[in-house]
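The primary structure of each chain is shown beneath.
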Amino acid sequence: MNIAIFGSSGYIGLRLSHILNNNNNIKTLKLFNRNKRKVLHLLNNKTQGFDYEINLDNKEKLINDLKNVDVVFYLIHSMYEKNNFSEVDNQLATIVAESSTKAKVKKIIYLGGLGLEETGDSKILSNHLSSRQETGDFLREYHSNIVEFRAGIIIGGGSSSFEIIRTLGLKLPFVPLLWKNEGLVEPIFVDNVISYLLMAIENKDFDNNILEIGCGESVSYTDIVCLYSKIKERKLFKIPLFPFEKIITDNILGRIIAFMSSLPPALVTPLLGGVKNKAISKNYKIESILGYCPLKPISLKYNACLKDVPVSLPFIVASPTIQTTTPPSLVTLYNSLAMLSKSKL
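The numbering scheme is per chain: residues are counted from 1 as the chain's sequence reads. The model is predicted, so local features are restricted to residues of pLDDT at least 70 and side-chain atom pairs to those at 80 or more, both for listing and for counting; the totals for chains, interfaces and linings are taken over all residues. Computation of side-chain values: all heavy atoms of the structure, hydrogens and water removed.

1. Side note on the overall build of the chain
- Here a strand is any run of E in DSSP of at least two residues, a helix any run of H or I of at least four, and the numbering for each starts at the N terminus. Scanning the chain for helices and strands turns up 12 helices and 14 strands.
- The classification of residues rests on relative accessible area computed with a 1.4 Å probe and restricted to protein chains. Under 20% of the type maximum is buried, over 50% is exposed, and intermediate values are partly exposed. When burial is assessed residue by residue, the chain has 56% of its 345 residues classed as buried.
- Residue exposure ignores everything except the shown protein chains as possible cover, and the areas themselves are Shrake-Rupley values with a 1.4 Å probe. Carbon together with sulfur atoms contributes 53% to the accessible area of the chain, which is approximately 16100 Å² in total.

Shown next as structure tokens:
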């Protein structure tokens, strides 16, 4: 089995790269990333790094590098592009999908985002959420076998959305309610995401499908912040500030949160655009599409109430040849928050 990963140094990409790099059933692993230095520690006779720009000028080179690759993981999201990240994402998806088709890659596995389109101007998907789904459309247009996973907030140390929640839960004196129509989100724990991605390598039931994954529980964004603060033994009250909704724009709020969290505003602001949307599973729930659920997702509310659960729950991914135990990680909300809170911000 030969695998290539685009976006190999990202939050999910780096974890996936580590697992596949240590899997004896993977013959070659090709890591595509803008900065090869971020994956230098993984490079060896089996794992190769590529850091050239993915564009039309390098398309033939890309096709050649993808020859003999069986599966491509597409984990690229151009969040740092200020105004045209959607256009950049679509261009990159087109180039990679076309190149994969010409190189005879069997399957592209893409990790996108949840987002439920509803009627009404206030329910239109944010640019960030709609772009994640458009990327899947462009991949499908130029390759015949796309597995698109759609996930909401990923719970785990290092996740951008999670770090925002941690910062707000620790530093806010109260939770401001700025939106009359606050959206909902269905979180998912990082171990579950990795397991789904690994399963898709060989499980043909996943092929040519959009699969919505999550913990099965929907909560508001402010509720997650309050839950974090409760675990940290901080009681945050919600204070309605609806009159300020038009004054405190996403751009202003993004800069404030970026200052508090040390995350770049270019990353935080697009994420805030989706707080009025419902990032929940509905039309393409994985159990509905497949007729069964490949794994039992870790519960958000149940694990948040336990104080004596283990720090990690490693498990085996069931597959004919891919038998991988995920490395210890923060897989329960209570323990992930408690463990991370010990580190200095």
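2. Section: the packing of helix H5 (residues 160-171) against helix H7 (residues 221-231)
- Convention adopted: a line fitted to C-alpha atoms gives each axis, helices being fitted over their contacting stretch, and angles between N-to-C directions are expressed from 0 to 180 degrees. Orientation of H5 relative to H7, taken along the N-to-C sense of each, is 60°, at an axis distance of 8 Å. Here H7 runs oblique to H5, going by the angle between their axes. Judged by the sense of rotation from one axis to the other, the crossing of H5 with H7 is right-handed. Between H5 and H7, the contacting residues are Ile165, Arg166, Leu168, Gly169 and Leu170 on the first element and Ile224, Val225, Tyr228 and Ser229 on the second.
- Residues are grouped as follows: Ala, Val, Leu, Ile, Met, Phe, Trp, Tyr, Cys and Pro are nonpolar; Asp, Glu, Lys and Arg are charged; all remaining types, including Gly, are polar. Taken together, the residues of the contact of H5 with H7 sort by class into six nonpolar, two polar and one charged. Oblique is the label for any angle not covered by the other classes, which are roughly parallel (under 35 degrees), roughly antiparallel (over 145) and roughly perpendicular (65 to 115). Crossing handedness follows the turn of the near helix against the far one: under a right angle anticlockwise gives a left-handed crossing, and clockwise gives a right-handed one. By definition in these notes, contact holds between two residues if any of their heavy atoms fall within 4.5 Å.

3. Considering the side chain of Glu212
- Here Glu212 is to be found in strand S11 (residues 209-212).
- A distance of 3.4 Å separates a polar side-chain atom of Glu212 from the backbone nitrogen of Lys285.
- With residues up to four places along the chain from it excluded, the contact list for Glu212 reads Leu114, Arg150, Ile280, Ser281, Lys282, Asn283, Tyr284, Lys285 and Ile286. As used in this structure description, the phrase polar contact means that two N or O atoms lie within 3.5 Å; if the pair is within protein, one of them must be able to donate a hydrogen and the other to accept it, and residues adjacent in sequence are counted only when both atoms belong to side chains.

4. Observations regarding the packing of helix H8 (residues 250-261) against helix H9 (residues 265-272)
- Viewed as axis vectors pointing N to C, H8 and H9 meet at an angle of 130°, and their least axial separation amounts to 8 Å. Classed by the angle they form, the pair H8 and H9 counts as oblique. Taken as a pair, H8 and H9 cross one another with a handedness that is right-handed. Of H9, the residues touching H8 (which contributes Asp250, Asn251, Leu253, Gly254, Arg255, Ile257 and Ala258) are Pro265, Val268, Thr269 and Leu272.

5. Quick notes on the side chain of Arg166
- If you trace the backbone, Arg166 turns up in helix H5.
- Within the structure, the side chain of Arg166 is placed 3.0 Å from the side chain of Glu163, a separation counted as a polar contact.

6. Observations concerning the sheet that holds strand S12 (residues 219-220)
- Pairing within the open sheet is mixed, and its three strands lie in the order S12-S9-S14. Strands with a single pairing partner mark the edges of an open sheet, and in this sheet they are S12 and strand S14 (278-279). Strands were regarded as paired on the criterion that DSSP finds at least two bridges between them.

7. Points about unusual backbone geometry
- Positive phi, close to 75°, is recorded for Asn68, a residue that is not glycine.
- For Asn68, the position within the fold is in the loop between helix H2 (59-65) and strand S4 (71-74).
- Asn68 gets classed as exposed once you look at its relative accessible area, which sits at 64%.
- Phi at Asn208 takes a positive value of approximately 55°, unusual for a residue other than glycine.
- Counting through the fold element by element, Asn208 comes out in the loop between helix H6 (190-199) and S11.
- Residue Asn208 is classed as partly exposed on the basis of its relative accessible area, which comes to 48%.

8. Describing the sheet that holds S4
- The sheet built from seven strands is open, its strands ordered S3-S2-S1-S4-S5-S6-S11 with parallel pairing. Every interior strand has two partners, whereas the edge strands, strand S3 (47-50) and S11, have only one. With strand direction ignored, the average angle separating the axes of adjacent strands in the sheet is 15°.
- Relative to S11, strand S6 (residues 146-151) runs parallel, the two being bridged by four bridges. Within S11, the residue paired with Glu148 across the bridge is Ile210.
- Along the sheet face, helix H3 (residues 85-102) touches strand S1 (2-6), S4 and strand S5 (107-113) and points at about 175° away from the line of S4.

9. Things to note about the packing of aromatic side chains
- Between rings of Phe, Tyr and Trp, where Trp is taken as its six-membered ring, a pair exists when centres lie within 6.5 Å; planes separated by under 30 degrees are stacked, by over 60 edge-to-face, and by other angles tilted. Under the definition given, this model contains eight aromatic pairs.
- Relative to Tyr74, the ring of Phe6 lies with its centre 6.4 Å away and its plane at 40°, an arrangement referred to as tilted. In this pair, Phe6 sits in strand S1 while Tyr74 sits in strand S4, placing the two residues 68 residues apart along the sequence. The burial state of Phe6 is the same as that of Tyr74; both residues are buried.

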